[in-house]
Amino acid sequence: MNAKIIGTGWELPAYEADNNYLSTIMDTSDEWITERTGIRKRHLAKEETTTSLAAGAAGKALKASGLRAEQIDLLIVATITSDTETPSTACRVQAELGAVNAVAFDINAACSGFLYAIHTADAFIRSGIYKNALLVGAETLSKLVDWTDRSTCVLFGDGAGAAVLTSSEQGGVTAQTVGSDGSRWEVLSCTGRSNHNPICQEPAGPGFLQMNGQEVFKFAIKTVPLCIEDALEQAGIPAEKVTYFLLHQANKRIIQSVAKRLKQSEDKFPMNIDQCANTSAASLPILLAQMDEQGRLHSGDILVLSGFGAGLTWGACVMEW
Ligand code: COA
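Here we summarise the structure given alongside this text.

Cut-offs applied
- Residues numbered from 1 in each chain as written.
- Predicted model: local features only at pLDDT ≥ 70, side-chain atom pairs only at ≥ 80, totals over all residues.
- Heavy atoms only, no water.
- Near = heavy atom within 4 Å.
- Polar contact = N/O pair within 3.5 Å; in protein donor to acceptor, adjacent residues only side chain to side chain.
- Areas by Shrake-Rupley, 256 points an atom, 1.4 Å probe, with all protein chains shown as cover.
- Helix = DSSP H or I, 4+ residues; strand = E, 2+ residues; numbered from the N terminus.
- Nonpolar A, V, L, I, M, F, W, Y, C, P; charged D, E, K, R; others polar.
- Pairing = 2+ DSSP bridges.
- Axes fitted to C-alpha atoms, helices over the stretch in contact; angles between N-to-C directions.
- Contact = heavy atoms within 4.5 Å.
- Salt bridge = Lys/Arg side-chain N within 4 Å of Asp/Glu carboxyl O.
- Buried < 20%, exposed > 50% of the residue type's maximum accessible area, 1.4 Å probe, protein only.

### Observations concerning the site of the ligand
For the ligand, the set of nearby residues contains 23 residues, the closest of which are Thr28, Arg36, Gly213, Gln214 and Asn251. Between the ligand and glycine 213, the relevant distance is 2.9 Å, taken from a nitrogen atom to a main-chain nitrogen or oxygen of the residue. Within the contact set of the ligand, an oxygen atom lies 2.7 Å away from a side-chain nitrogen or oxygen of asparagine 251. Protein contact buries 72% of the 970 Å² of open area that the ligand shows by itself. Elements with a contribution of two residues or more to the shell around the ligand: helix H2 (30–37), helix H6 (150–153), helix H7 (213–235) and strand S14 (302–309). Counting residues per element, the shell around the ligand draws most heavily on H7, which supplies 4 residues. Each residue belonging to the shell around the ligand can be placed in one class, and the counts come to 10 nonpolar, 9 polar and 4 charged.

### A word on the sheet that holds strand S5 (residues 103–107)
What the 5 strands build is an open sheet, ordered S1-S7-S6-S4-S5; its pairing is mixed. Pairing within the sheet leaves two strands with one partner each, and these edge strands are strand S1 (2–11) and S5. Taking each pair of neighbouring strands and ignoring which way they run, the sheet shows an average axis angle of 20°. Strand contacts of helix H3 (residues 50–65): S1, strand S6 (132–140) and strand S7 (158–168), with the helix running at about 125° to S1, the strand carrying the most contacts. Across the sheet, helix H5 (residues 113–127) touches S1, strand S4 (74–78), S5, S6 and S7, and the angle it forms with S6 is around 165°.

### Things to note about unusual backbone geometry
Residue proline 87 follows threonine 86 across a cis peptide bond; omega there is 5°. Turning to its location among the elements, proline 87 is positioned in the loop between S4 and helix H4 (89–97). A cis amide bond links glycine 311 to the next residue, leucine 312, at an omega of -5°. Positive phi, normally seen in glycine, also occurs at alanine 110, with a value near 50°.

### A few points about the pattern of salt bridges
A complete count under the given rule lists 8 salt bridges for this structure. With its nearest N and O atoms 2.8 Å apart, the salt bridge here joins glutamate 11 to lysine 60. Here the residue glutamate 11 occupies a position in strand S1, and lysine 60 occupies one in helix H3, the gap between them amounting to 49 residues. Overall, the relative accessible area of 23% leaves glutamate 11 in the partly exposed class. Lysine 41 is the partner of glutamate 16 in a salt bridge, and the nearest nitrogen-oxygen pair spans 2.8 Å. Here lysine 41 lies in strand S3 (residues 41–44) and glutamate 16 lies in strand S2 (residues 15–18), a separation of 25 residues in the sequence. With relative accessibility at 17%, the residue lysine 41 sits in the buried group. Through salt bridges with shared partners, a single network forms among Arg184, Glu215 and Lys218.

As structure tokens, this is what we get:
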């Protein structure tokens, strides 16, 4: 049995901050951000929280799936911006939805989080342990970025996307590649917790996301094509047969570079980065859910989802819609 998506949903905060607005609060410009990244605006949470965005997207995905909340066996939220250190965002979403029979937990794999969630749910569904899984990617990165560091803060946005997967004899996830390289954790990190135990008094670190942008860029354009090729090889599907490549929306130039390396038309690489910026773990499920809502996905379509992020982490999966 394969894990197949039967419902999707997305939710963005109401407040939109475009590049021109950012240029009024820091030394940047619409021209610089658009040319280097493809981003024109991002949504920033004001009233919304990671939990409220996650629950909103999850509720819509559940409704679209036709399942009742009690039928969900597994509820995973991929996030690096949980509102609470504990409990997990997943437990709070479970409570919001009334998914009383689900085992709920978070995954911290940064921008690869949704792919890690698919990887995990697929294993549980394939093995027969669980039948129905609700996966959410949700972030309020605006609380994690340093708003005095123009080289990172302009890149990120807030939002959530979700998908319900069920065991199916036909279609669904057919191949996956995921990977991690912890030796390169400092390329993209957020340290900050202080220690005040009786024998050790360590001050807090910077507390904001810190990134070597060029290293991340090089890592992405090298790793993403390789892991997509690996997943396609496992699936026995040539790149030409893929309907859409949904890539993590981090930078338009990264997506264009991957399209070029795979020798595929850019038309097969849908983007919403101009509207949403980089929403980390939420980026792939938001894009997927928006395409689903727009009626752009049809039964039998072959989709490749791929992403990369802090850890370092990466992944790709092939699925039949
Ligand atoms: N507005 C205006 N100028 C800016 C700026 C901003 N928001 N941010 C940086 N600059 C300036 C720099 O200070 C630098 O100025 P200098 O030449 O006078 O020193 C200049 O722009 C070039 O900076 P650089 O870092 O070399 O730009 P870049 O072409 O490498 O683009 C990124 C920077 C961050 C857009 C690019 O490296 C990138 O996208 N990396 C991947 C990041 C990513 O995807 N992270 C998420 C992973 S999940």
